[in-house]
Amino acid sequence: MSTRPPVSEAELSQCEREPIHLLGGIQPHGVLLAFSEPDLTLRLVSANTEALLGRSPEALLGQPLPGLFPPSSLALLTRALAQPVSGLLRLEAAGRFFIGVPHRSDGLVVLDLEPTAEGTNEEEALGMVDLLLSPLARAQGPKGLLQAAAEAVRALTSFDRVMVYRFDADWHGEVLAESRDESMDGFLGLHFPASDIPAQARALYTRHTLRLIADARAEPVPLRPPVLPSEGRPLDLSGSALRSVSPVHLEYLANMGVGASMSISLLRDGRLWGLIACHHRTPLLVPLATRRACDVLARLVSLQLAAEERASVSAELARRAHFQTQLVERLSEQAATLPTALSQQAELLLGLTGAGGVALLLGEAPVLVGQTPSSEDVRELALWLAGQHSDGTFHTERLARHHPPAAEYADVASGLLAVRLDETSPRFILWFRPEVARTVTWAGNPQKPVVPGPGASRLHPRASFDAWRETVRGASLSWTPEDVAAAEGFRSALVGVLLRHAAALARSNAELDAFGGTVAHDLKEPLRGIQQYVGFLLEDHGEQLGEEGQRQLEEVRWLAARTQGQMDALFEYSRAGRVELAWGEVDMHELVDEVLLTVSARLQENQLEVRVPRRLPRVECDGVRIQQVWVNLLTNAAKYHQSSGPRRVELGYHGPGEPLSHPARRRADEYVFYVRDNGIGIAERFHEDIFEMFRRLHPAHSYGGGSGAGLAIARRLVRLHGGELWVESSPGQGSTFFFTLGERPL
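To keep things clear, this report deals only with the structure shown in the data block. Here, residues in each chain are numbered from 1, in the same order as that chain's written sequence. Whole-chain, interface and lining totals are the exception, using all residues; otherwise, since this is a predicted model, local features are given only for residues with pLDDT of at least 70 and side-chain atom pairs are given and counted only at 80 or more. Neither water nor hydrogens contribute to the side-chain values; these are computed over all heavy atoms in the structure.

## Describing a nonpolar patch on the surface
And step 1. Nonpolar side chains collect at one region of the surface, where Val296, Leu300 and Leu303 lie side by side and expose about 240 Å² of accessible area between them.
And step 2. Note on placement: Val296 falls in helix H9 (residues 288–333).
And step 3. Only protein chains enter the area calculation, which uses a 1.4 Å probe; residues under 20% of their type maximum are buried, those over 50% are exposed, and those in between are partly exposed. The exposure class assigned to Val296 is partly exposed, which follows from its relative accessible area of 30%. The patches reported here contain residues having more than 30% relative accessible area and no salt bridge. Joining distances are 9 Å for like charges and 5 Å for nonpolar side chains (Val, Leu, Ile, Met, Phe, Trp, Tyr). All accessible-area figures derive from a Shrake-Rupley calculation using a 1.4 Å probe, and residue coverage is judged against the displayed protein chains alone. Throughout this description, the term salt bridge denotes a Lys or Arg side-chain nitrogen within 4 Å of a carboxyl oxygen of Asp or Glu. Each helix is a run of DSSP H or I of at least 4 residues and each strand a run of E of at least 2, with the numbering of both proceeding from the N terminus.

Here you go:
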């Protein structure tokens, strides 16, 4: 026994490209005429003209239109064709009355004709709509309105089941309202896959808002001639209400037990929002005037939905604007740094977009609020975003599809809404939403929208519409347009706050520089004086003071020297954040040779062996500032050595494409420089602490003392270049300090 393989994506794509507007036939409840202008000569007709018009197709083709219609009807048709848009026309032909709908296609005027009773009046159907508007007006909220619309259309048309179906962003649909006969299956709350209404069908629903299939079991009526000589294909029937039906769709209706159907489009700003879908177990011919009344009703419903949505959006935007106003006011009032001030407004910051967590990348370290990925994951995400999205806004409900490492923290960040603050550096505000596992109930298995036919001649629609439940994972709640608008609005407001903070910072820096001069003059001199006087006391009166007195004076001299060193380090750290980089091409190998010469005395004192395994590359950077980075890293390596055994340090790099440990690699195309020692090592929990100002892991007198500012200054200079500095180490195993350099600004 052989089985055919599953339906492929290529076959599904072919199914979606089915030319449903070129099927070469019409439904049998009407007749179609196509004639040329201005001679009004019949060029194409449907094969059922003899039954409805009393003349065979052969007798009509090539004949003038005046021979078919009396003068009054011909005049009415002529006037309608002169108008940009024509409505329903009441025409007489062969002693019968028809409702006619003309349009133009393939260079011809195409006229749909449907028989109508002489007394039928379009105003009567419109009057029914008027009577049904009252319950629509009383409906509470969008769902109530849709339910009232379903009941109104069913009352107007007598269909067994009327559903209101809304399209999602990916074009799958959900039934939001339903009115049905008790014997009919219910689909309320069920979802239908996008493949049930393929793209070409949705395009026609957008152009022509009503479609009736009066008898799903009827044979289509062919056209004469079947192919237009000028086009080499059947007449384009996109605009014809009588257009015949795709065999795939007819089989789909048969599988649902439907003998007649009607679809009325619900449009929002010219885009297909949903459908009013009507089903009947047996054939049902709804008069054209009644169909037009249903169309009017659907337009009114669309307008009402749009009005309610605008009111809801306006209220939501007003609420978000209130959040934003409060945020900006509080940020402007607070004296704290901007990242600190933002972190103190967690409730407002999260409420702005309805997020569960937010990360602020405004400076050296991310500020995390609420439930977020780790700092390292946030930095990696920001670098990825900077490479993928140069500016603007990015949002997704399935972050791991775009950035696979995000699968590891989907529980807090399946959804991401990111706004970029700076085009030249990875500065972002990132809002996160957690994964929300939810169950979607489908009308049939959405993974099997079609099944292969015998002999693979064509695909067939699925036969089962039984409820099929699917658990959706790896996705957050969707970001709404209001969420995105709030994020973008806050970005604009934050720019103003940043400018005010920058102005205040400029004043503070000027004051700090002035203060630095004062300190240098008024405080550093007294500190030097203290050290000198202690020296004099020890020299002149050391013997009288005794051993304990001498020890205490030496401690005073050491404290004065340490305080002076810390002041120097603090001002150096402050200046490092404000320097303008002098970018240029630097031979890193020559620069390191200069560094080794500069610190040679310290290296010899600590008996440190230095190894450079290969020549370092040329890179773009500020040579003076990066020289300071190498000095600080080498001095640090020389200081924290083992008490016994050889002392070694290696200086090198990993080039683009060369393997190295995570998280060292930041970008695939960058150099990663390193300083590796065999010293005492650092426990992992202190890997970030050592980069804080004045943070020492050992007593002040240990390992030669020092201010504890060298690594903080080095990291600040590296980040000023757009790079990163980090350590990999463990106790007793030595340390490797890595650093990268960003790209030179254009």
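## As for the sheet that holds strand S15 (residues 367–370)
And step 1. Here we have five strands laid out as an open sheet, ordered S15-S14-S18-S17-S16, and antiparallel in their pairing. On the outer flanks of this sheet lie S15 and strand S16 (393–396), each paired with one strand and no other. Mean inter-strand twist for the sheet, computed between neighbouring axes without regard to direction, equals 10°.
And step 2. With four bridges joining them, strand S14 (residues 357–360) and strand S18 (residues 427–433) adopt antiparallel strand pairing. Bridge pairing in S18 places Leu360 opposite Ile429. In this analysis, strands are considered paired if DSSP registers two or more bridges between them. In this description, a line fitted to the C-alpha atoms serves as the axis of each element, helices being fitted only across the stretch in contact, and the angle between N-to-C directions of two axes falls anywhere from 0 to 180 degrees.

## Considerations on helix H4 (residues 71–81)
And step 1. All of the buried residues in H4 are Ser73, Leu74, Leu77, Ala80 and Leu81. End-on view of H4: buried residues confined to an arc of 125°, all on one side of the axis. For H4, the exposed residues set more than 90 degrees away from the buried face come down to Pro71, Ser72 and Arg79.
And step 2. Structurally, H4 contributes buried residues whose contacts are with strand S2 (31–35), strand S4 (89–93), strand S5 (96–105) and strand S6 (108–115). Throughout, the arc means the angular range of directions from the helix axis out to the C-beta atoms. Every residue pair with non-hydrogen atoms within 4.5 Å of one another is taken to be in contact.

## Observations regarding helix H8 (residues 247–255)
And step 1. Listing the buried residues of H8 in full gives Val248, Tyr252 and Leu253. Looking down the long axis of H8, one finds its buried residues gathered within 140° of arc, a one-sided arrangement.
And step 2. Polar contacts, as counted here, are pairs of nitrogen or oxygen atoms within 3.5 Å of one another; within protein the pair requires one atom able to donate a hydrogen and one able to accept it, and residues that are adjacent in sequence qualify only if both atoms are side-chain atoms. You can read the cap of H8 off the contacts: a side-chain oxygen lies 3.2 Å from the backbone nitrogen of Val248, and it is on Ser246.
And step 3. Downstream of H8 by one or two residues, Gly257 has phi in the positive range, about 75°.

## Quick word on the pairing of strand S28 (residues 725–729)
And step 1. For S28, the tally of buried residues reaches four of five residues, placing the bulk of the element in the interior.
And step 2. Across five bridges, the pairing between S28 and strand S29 (residues 735–740) is antiparallel. Residue pairing across strands places Val727 opposite Phe737, the latter belonging to S29.

## Description of the packing of helix H19 (residues 623–639) against helix H20 (residues 710–720)
And step 1. For the pair H19 and H20, interaxial distance at closest approach is 9 Å and the crossing angle is 150°. Relative to H20, H19 is oriented roughly antiparallel. For the crossing formed where H19 meets H20, the hand is left-handed. Facing Arg625, Gln628, Val629, Asn632, Leu633 and Asn636 of H19, the residues of H20 in contact are Gly710, Leu711, Ile713, Ala714, Leu717 and Val718.
And step 2. Note on residue categories: nonpolar means Ala, Val, Leu, Ile, Met, Phe, Trp, Tyr, Cys or Pro, charged means Asp, Glu, Lys or Arg, and polar means any other residue, Gly included. For the contact of H19 with H20, the per-class residue count stands at seven nonpolar, four polar and one charged. The cut-offs work like this: below 35 degrees is roughly parallel, past 145 is roughly antiparallel, 65 to 115 is roughly perpendicular, and the gaps in between are oblique. Handedness of each helix crossing follows the sense of rotation of the near helix against the far helix: counterclockwise by less than a right angle gives left-handed, clockwise gives right-handed.

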